[in-house]
Amino acid sequence: MKNLAVLTSGGDAPGMNAAIRAVVRTGHARGISTWGVYQGYSGLIEGNFKRLGVRDVGSIIQRGGTMLGSARCPEFKTEEGVELAIRRLHGAGIDGLVVIGGNGSQTGANTLRKMGFPVVGVASTIDNDLYGSDITIGVDTALNVALNAIDNLKVTASSHCRALLVEVMGRNCGYLALMSGIAGGAEAIVLPEVEVVPEQVAQRIQEGYERGKPHAIVVVAEGAKYNAEGLCRYFEEHDLLRGYEFRSTVLGYVQRGAVPTCADRLLGTKLGSEAAEQIIAGNSGILIGVCKGELTSTPLDVVVTGHKPLDPWFMKAADMLAR
Ligand code: ADP
Ligand code: F6P
């Protein structure tokens, strides 16, 4: 291998920059030229590449987002889009690609692999819904942002004797909601993975009120059957919450744009460097992740068809401990 490229795709995640830096500097240490592809698969299709030296990735490890930009690119889901991307790569003399991203991005990487182009994936998404890595780049930072918000909301909820419903990201996965809800001591957590019965959520909150709790925090995953606003509306229409006033807060993109935590910088560094080592060593069609604390390589075919369930221990604990 002579020329290795790297791109970031899908939702940006804090720690992506650490991964880009690690790919570039590992490549350099092995005598390989490294290239950045800008704006994810869109940049691949457009041939938006730039050679990256070790100094081009200086002072990015502490920044959120991705210096390469990211995109959702529907065109890459078409055969013509993938063929054009491969032509662009060959045209630039690039003979390997590291794809830093989540489920959709790794599905795209798998398409490149099937077309014979050497590719290695790096597990990165705040949603933590990617099979092949217990934890993905960006999760720790997003969780801490959500947790800070929950802590703040609990303070004002207590002052006003309110029930606050907090909606967190995660697409169809309840990981961020479950973990931030437990760490934030939420009274109830509403997940896509568990059937939601608004009457039961309301009853749980009401019981707390009757025991003299000055606040209730309900963490709602954005992918649950009812989002925070929907649940508030349901409570109102069915006159389910007496005592507390209630309000909803949607955290949204603040969870994605934060300064990466130490854990995310280290994870990005480890996965990015290992991805470069693997592809330079001639290994392709794999996702680099961490499972049980160890670096792992999982075939992309397995990654894109696999499903990572929520931790059953935390699921059980969430219900038992929220009182
Ligand atoms: P994430 O990687 O964070 O899950 P997306 O699901 O939006 O984010 O996927 C990112 C990009 O990956 C998409 O915009 C598209 O370019 C590419 N992608 C997603 N699914 C496929 C697919 N089935 N085939 C090829 N490319 C895909
Ligand atoms: O995949 C990361 C994520 O932030 C999800 O949690 C969220 O549902 C989605 O991206 C939002 O996507 P977009 O940036 O396209 O609005």
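The shown structure was predicted, so the numbers you read here are calculated from the model rather than taken from an experiment.

Draft legend 1. Spotlight on a negative patch on the surface. A contiguous patch of negative charge on the surface is contributed by E46, E75, E79, E80 and E83. Turning to its location among the elements, E79 is positioned in helix α3 (residues 79-91).

Draft legend 2. The arrangement of the site of ligand 2 in detail. In the vicinity of ligand 2, the residues found are R72, I126, D127, M169, G170, R171, E222, Y253 and R256. Note that an oxygen atom of ligand 2 is positioned 2.8 Å from one of the side-chain N or O atoms of R72. Within the contact set of ligand 2, an oxygen atom lies 2.7 Å away from a side-chain nitrogen or oxygen of D127. Here ligand 2, which alone exposes 400 Å², has 77% of that area covered by the protein. Shared between two domains, the shell around ligand 2 holds at least three residues of each, these being domain 1 (3-138 + 260-303) and domain 2 (140-256).

Draft legend 3. How the structure looks around the domain arrangement of the protein. When cut into domains, the protein gives domain 1 (3-138 + 260-303) and domain 2 (140-256). Taking the mean C-alpha position of each, domain 1 and domain 2 sit 34 Å from one another. Taken together, the contact between domain 1 and domain 2 spans 14 residues of the former and 11 residues of the latter. Approximately 1200 Å² of surface area, both sides summed, lies buried where domain 1 meets domain 2, with 51% of it carried by carbon and sulfur atoms. Taken together, domain 1 and domain 2 are joined by one salt bridge. R256 serves as the salt-bridge partner of D12, at 2.9 Å between the closest nitrogen and oxygen. There are eight residue pairs in polar contact (both at pLDDT 80 or more) connecting domain 1 and domain 2. Along the lines of polarity and charge, the residues of the side of domain 1 that touches domain 2 split into five nonpolar, four polar and five charged.

Parameters and conventions
In this convention, every chain numbers its residues from 1, walking through the sequence in written order. Each chain is given a letter, starting from A, and each ligand a number, starting from 1, according to the order in which they appear as written. Only residues with pLDDT of 70 or above have their local features reported here, since the model is predicted, and side-chain atom pairs are shown and tallied only from 80 upward, although totals for entire chains, interfaces and linings are computed over all residues. With hydrogens and water set aside, each side-chain value is computed from the structure's full complement of heavy atoms. Patch membership needs two things, relative accessible area over 30% and no salt bridge, and members are linked within 9 Å if like-charged or within 5 Å if nonpolar (Val, Leu, Ile, Met, Phe, Trp, Tyr). Residue exposure ignores everything except the shown protein chains as possible cover, and the areas themselves are Shrake-Rupley values with a 1.4 Å probe. Any carboxyl oxygen of Asp or Glu that lies within 4 Å of a side-chain nitrogen of Lys or Arg is treated as forming a salt bridge with it. In this count, Lys and Arg are taken as positive residues and Asp and Glu as negative ones, while His and the chain termini are left out. Charge placement uses NZ in Lys and CZ in Arg. For Asp and Glu, CG and CD serve respectively. Per the convention used, a helix needs a DSSP run of H or I reaching at least four residues, while a strand needs a run of E reaching at least two, with both numbered from the N terminus. Residues are labelled near a given molecule or strand when at least one of their non-hydrogen atoms is within 4 Å of it. Contacts described as polar in this section are N or O atom pairs within 3.5 Å, which, within protein, must combine one atom able to donate a hydrogen with one able to accept it, while residues neighboring in sequence count only if both atoms come from side chains. Here the bounds of each domain stem from an automatic or database domain assignment. Residues count as neighbours in contact if any of their non-hydrogen atoms are within 4.5 Å of one another. Accessible-area loss on putting two parts together, using a 1.4 Å probe and summing over both, is the definition of buried area adopted here. The residue classification treats Ala, Val, Leu, Ile, Met, Phe, Trp, Tyr, Cys and Pro as nonpolar and Asp, Glu, Lys and Arg as charged. All others, Gly included, are polar.

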